Amino acid sequence: MRRFVATTLALLLAACSGGGVTTTQGETTTSYPVVTTPTTDPGAECRRLAEDAYEYLASVVEELQGITPEQLQDRARWPEALTQIKAQGEELDRRAADLGCDRGAVQQEVLTRASALQATGLGGLLLDLLLGRVR
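It should be emphasised that the depicted structure is a prediction, and the values quoted were computed from it without experimental measurement. (Residues numbered from 1 in each chain as written. Predicted model: local features only at pLDDT ≥ 70, side-chain atom pairs only at ≥ 80, totals over all residues. Heavy atoms only, no water.)

*Asks:* Hey, could you run me through the overall build of the chain in this one?
*Replies:* A tally of regular secondary structure across the chain gives seven helices and zero strands. Mapped from its N terminus to its C terminus, the chain presents α and β elements in the order α-α-α-α-α-α-α. Counting across all 135 residues of the chain, residues that qualify as buried make up 37%. In the chain, the share of contacts with a sequence separation of at least 24, taken over all contacts with a separation of at least 6, comes to 79%. (Helix = DSSP H or I, 4+ residues; strand = E, 2+ residues; numbered from the N terminus. Buried < 20%, exposed > 50% of the residue type's maximum accessible area, 1.4 Å probe, protein only. Contact = heavy atoms within 4.5 Å.)

Below, the structure is given as structure tokens:
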């Protein structure tokens with residue numbers, strides 16, 4: 001989960017700073033929309049983990065709505081939810097490993113729930129990136 005959110009935040013930073021993704025010649029990338037209904041059941045404990053991961057993602061999205069791209073580029077100006085991302089992600093990863101959760105199933109569960117979130121500004125951009133709505 002930490003890598004999932006951290007990668008998305010890195011993409012968000014690149015989008016805010018005008019950077020982009022570079023591809024080599026002949027390489028193509030395809031973006032697929034997020035499935036809005038889970039195809040696998042991760043199990044009760046892993047569903048609870050997914051709920052916690054979703055709640056954390058929702059708090060990050062909410063925090064991002066109130067900050068500017070300039071604040072996002074300066075870690076000293078990050079809101080609390082972003083400064084805790086590493087510790088929170090490590091805790092979610094540890095719990096997932098302890099429970100033997102399938103990472104893909106948990107991520108799918110989180111994204112299914114996140115598809116109902118509404119956000120503006122950088123929070124909306126983060127959701128768009130996670131949900132594959134940005135092309």
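*Asks:* What's the story with the side chain of T112 in this structure? I'm lost.
*Replies:* Here T112 is to be found in helix 6 (residues 103-114). At 2.8 Å, the side chain of T112 and the backbone oxygen of Q108 are in polar contact. (Polar contact = N/O pair within 3.5 Å; in protein donor to acceptor, adjacent residues only side chain to side chain.)

*Asks:* When you look at the state of the cysteines in this model, what are you seeing that I'm missing?
*Replies:* Should the sulfur atoms of two cysteines be covalently bonded, the bond is a disulfide. Enumeration according to the criterion identifies one disulfide in this entry. Covalently, C46 is tied to C101 through a disulfide, its sulfur atoms 1.9 Å apart. Between C46 and C101, the S-S dihedral sits near -95°, and the bridge is therefore left-handed. With C46 in helix 2 (residues 44-65) and C101 in the loop between helix 5 (85-99) and helix 6, this pair connects stretches of sequence that are 55 residues apart. Taken as a pair, C46 and C101 share a single burial class, namely buried. (Disulfide = S-S within 2.5 Å.)

*Asks:* Sorry, what's going on with the pattern of salt bridges here?
*Replies:* When their charged atoms lie close together, side chains carrying opposite charge are able to pair. Within this structure, the stated rule accounts for seven salt bridges. Notably, a salt bridge pairs R48 with E45, separated by 2.3 Å at the nearest N-O pair. Of this pair, R48 and E45 both sit in helix 2, three residues apart, which is roughly one turn of the helix. Classification of R48 as partly exposed rests on a relative accessible area of 46%. Between R133 and D128 there is a salt bridge whose closest N-O contact spans 2.9 Å. (Salt bridge = Lys/Arg side-chain N within 4 Å of Asp/Glu carboxyl O.)

*Asks:* Sorry if this is basic, but what is going on with the environment of G89 here?
*Replies:* Looking at the element boundaries, G89 is found in helix 5. Exposure remark for G89: the relative accessible area of 3% places this residue in the buried category. Placed 36 residues apart in sequence, G89 and A53 show a C-alpha to C-alpha distance of 8.4 Å.

*Asks:* Is there a simple way to think about the packing of helix 2 against helix 7 (residues 121-130) in this case?
*Replies:* How two helices sit against one another is set out by the angle between their axes and by the gap between those axes. The N-to-C vectors of helix 2 and helix 7 enclose an angle of 135°; their axes lie 6 Å apart at closest approach. The orientation of helix 2 with respect to helix 7, classified from their angle, is oblique. Mapping the contact onto sequence places L57, V60, V61, L64 and Q65 in helix 2 and L122, G123, L126, L127 and L130 in helix 7. Residue composition of the contact of helix 2 with helix 7, by class: eight nonpolar, two polar and no charged. (Axes fitted to C-alpha atoms, helices over the stretch in contact; angles between N-to-C directions. Parallel < 35°, antiparallel > 145°, perpendicular 65-115°, else oblique. Nonpolar A, V, L, I, M, F, W, Y, C, P; charged D, E, K, R; others polar.)

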